[in-house]
Amino acid sequence: MLIVMSYIATQAEIENVVKAVQDMGYRAEPIPGGERTAIGVLGNEGYVDDTVIRDLPGVQEVIHVSKPYKLCSRAFHPPSSVIDVCGVKIGEGYRPIVAAGPCAVEGEEQIIKTALAVKAAGADLLRGGAFKPRTGPHTFQGLREEGLRLLALARAESGLPIVTEVMSPEHVEHVSQCADLLQVGARNMQNFDLLKELGRGRKPVLLKRGMSATIEEFLSAAEYILIGGNPNVILCERGIRTFETATRNTLDLSVVPLIRELSHLPIMVDPSHATGKRSLVPPMAKAALVAGAQGILVEVHPEPEKALSDGPQSLTLQGFATLMSDINKLNVFLGF
Ligand code: PEP
Ligand code: MN
């Protein structure tokens, strides 16, 4: 960290800042310049909390050299992490995985039919929400307990591991009994109590990017889980909110190679929520894989026109089978 003093800062103010840094347990190295003095902070291992420094008299600016996240950074942990979800390996060196299924579990016939179809088409995981984070309270909120029971049934019938969302810390233990991969939705990316609770377990977590989250905020959210002791985190880009309204969100594909530079954690892409439009899902799914995504999350419904949530962005069973056949060809090109 570098503390830039104002050009009118007095010697006493500089000494006061030096003392404050030392009181925090670090070394302070004043660097006198032509116009002003800067004070280098030394001896820190990673990010320094600047709360007690930045408002001290004479301080003009605090410049951070270290990132606010450490455990999830590639600088701290150079080898890429591979996350194992019931034998399905997600990460560098492995064929990108496909998680597919309805936005929400709506009933036994719907989830079993979808599970068997996506399995036959080559999916690796079955997705389906039981606890749904809906924007409005007048819409379908998910089957909750009954949804979890149906997911367990679909798992038994299809053999596919389950990814499903958990919305609150109190539900983590319960949802973990059914889920093989716990999803944290975009709306809960900064539910810090939830992240802390997930950090206490070892169940793999699929952390979706908040709709207005910067990469630094996204990785800081992952840091909450890692710092609690759970290293099994997979990141998921699902589109961000921009001025554009023609698509539901704007798919920020450049984060795929960027996250692979900044972090050792695997990164997946959800082209369904990113676009909101069925016809855009296959091209964006393929683009994500070319960009280096280590998996995709796709919504699929046997009758999208009757879906209780996210029908317009859900692929039909046939549409998904076609996408899978394209992905298989693409994977050969990508070396998998
Ligand atoms: C979902 O996966 O169904 C979902 C609600 O996604 P997001 O949190 O990205 O909106
Ligand atoms: Mn959805």
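Residues numbered from 1 in each chain as written. Chains lettered and ligands numbered in written order. Predicted model: local features only at pLDDT ≥ 70, side-chain atom pairs only at ≥ 80, totals over all residues. Heavy atoms only, no water.

Caption draft 1: Main features of the overall build of the protein chain. Helix and strand counts for the protein chain stand at 10 helices and 14 strands. Principal-axis analysis of the C-alpha atoms gives the protein chain an extent of 75 × 45 × 40 Å. Burial analysis of the protein chain (336 residues in total) assigns 52% to the buried set. Looking at the protein chain alone, contacts between residues at least 24 apart form 68% of all its contacts between residues at least 6 apart. Side-chain charges of the protein chain comprise 33 positive and 38 negative groups, with the mean position of each set lying 6 Å from the other. (Helix = DSSP H or I, 4+ residues; strand = E, 2+ residues; numbered from the N terminus. Buried < 20%, exposed > 50% of the residue type's maximum accessible area, 1.4 Å probe, protein only. Contact = heavy atoms within 4.5 Å. Lys, Arg positive; Asp, Glu negative; His and termini not counted. Charge placed at Lys NZ, Arg CZ, Asp CG, Glu CD.)

Caption draft 2: Region of interest: the domain arrangement of the protein chain. Domain boundaries assigned for the protein chain yield domain 1 (2–63) and domain 2 (83–334). With centres defined by C-alpha atoms, the gap from domain 1 to domain 2 works out at 44 Å. (Domains from an automatic or database assignment.)

Caption draft 3: Molecular detail of the pairing of strand β9 (residues 162–165). Where burial is concerned, the two faces of β9 agree: the one with I162 and T164 and the one with V163 and E165 are both buried. Between the parallel elements strand β8 (residues 125–127) and β9, the chain passes through helix α3 (residues 145–158) in a crossover that is right-handed. Taken together, the three bridges between β9 and strand β10 (residues 181–184) define a ladder with parallel strand orientation. Bridged to T164 within β10 is L182. (Right-handed = clockwise from strand over helix to strand, strands pointing away. Pairing = 2+ DSSP bridges.)

Caption draft 4: Summary view of the pattern of salt bridges. Counted by the stated rule, this structure contains 18 salt bridges. Between E92 and R260 there is a salt bridge, and its shortest N-O distance comes to 3.6 Å. Placement of E92 in the loop between β6 (88–90) and β7 (97–101) and of R260 in helix α7 (residues 255–262) is noted, with a sequence separation of 168 residues between them. (Salt bridge = Lys/Arg side-chain N within 4 Å of Asp/Glu carboxyl O.)

Caption draft 5: Seen up close, the pairing of β10. The side-chain alternation of β10 yields two buried faces, one formed by L181 and Q183 and the other by L182 and V184. Pairing between β10 and strand β11 (residues 205–208): three bridges, direction parallel. Within β11, the position partnered with L182 by the bridge is V205. Assessed by its sense of winding, the connection that carries the chain from β10 through helix α5 (residues 192–200) to β11 is right-handed.

Caption draft 6: Quick look at the coordination of the manganese ion (ligand 2). Here the manganese ion (ligand 2) is held by the protein donor atoms C103 (SG), H273 (NE2), E299 (OE) and D310 (OD), which lie 2.0 to 2.4 Å from it. Sequence spacing of the donors to the manganese ion (ligand 2): C-x169-H-x25-E-x10-D. A residue pair is termed long-range when its members are at least 10 positions apart, and H273 in helix α8 (residues 271–275) and D310 in the loop between β14 (295–299) and α10 (317–334) qualify at 37 residues. The pair formed by H273 and D310 is uniform in burial state, with each residue classed as buried. (Donors = N, O, S within 2.8 Å, 3.2 Å for Na, K, Ca; no water.)

Caption draft 7: Broad picture of the sheet that holds strand β2 (residues 27–32). With antiparallel pairing, the four strands of this open sheet are ordered in space as β2-β3-β1-β4. Two strands close off the open sheet at either side, each with one partner strand: β2 and β4 (59–63). Across the sheet, the axes of successive neighbouring strands diverge by a mean angle of 20 degrees, strand direction being ignored. Pairing between β2 and strand β3 (residues 37–42): six bridges, direction antiparallel. Each residue of the ladder has a partner; that of A28, found in β3, is V41. (Axes fitted to C-alpha atoms, helices over the stretch in contact; angles between N-to-C directions.)

Caption draft 8: Quick peek at the site of ligand 1. As a structural note, the neighbourhood of ligand 1 is formed by C103, R127, K132, Q183, G185, A186, R187, K208, R238, H273 and E299. Take R238: an N or O atom from its side chain is 2.7 Å from an oxygen atom of ligand 1. A total of 300 Å² of accessible area belongs to ligand 1 in isolation, and the protein chains cover 97% of it. Residue composition of the shell around ligand 1, grouped by class: two nonpolar, three polar and six charged. (Near = heavy atom within 4 Å. Polar contact = N/O pair within 3.5 Å; in protein donor to acceptor, adjacent residues only side chain to side chain. Areas by Shrake-Rupley, 256 points an atom, 1.4 Å probe, with all protein chains shown as cover. Nonpolar A, V, L, I, M, F, W, Y, C, P; charged D, E, K, R; others polar.)

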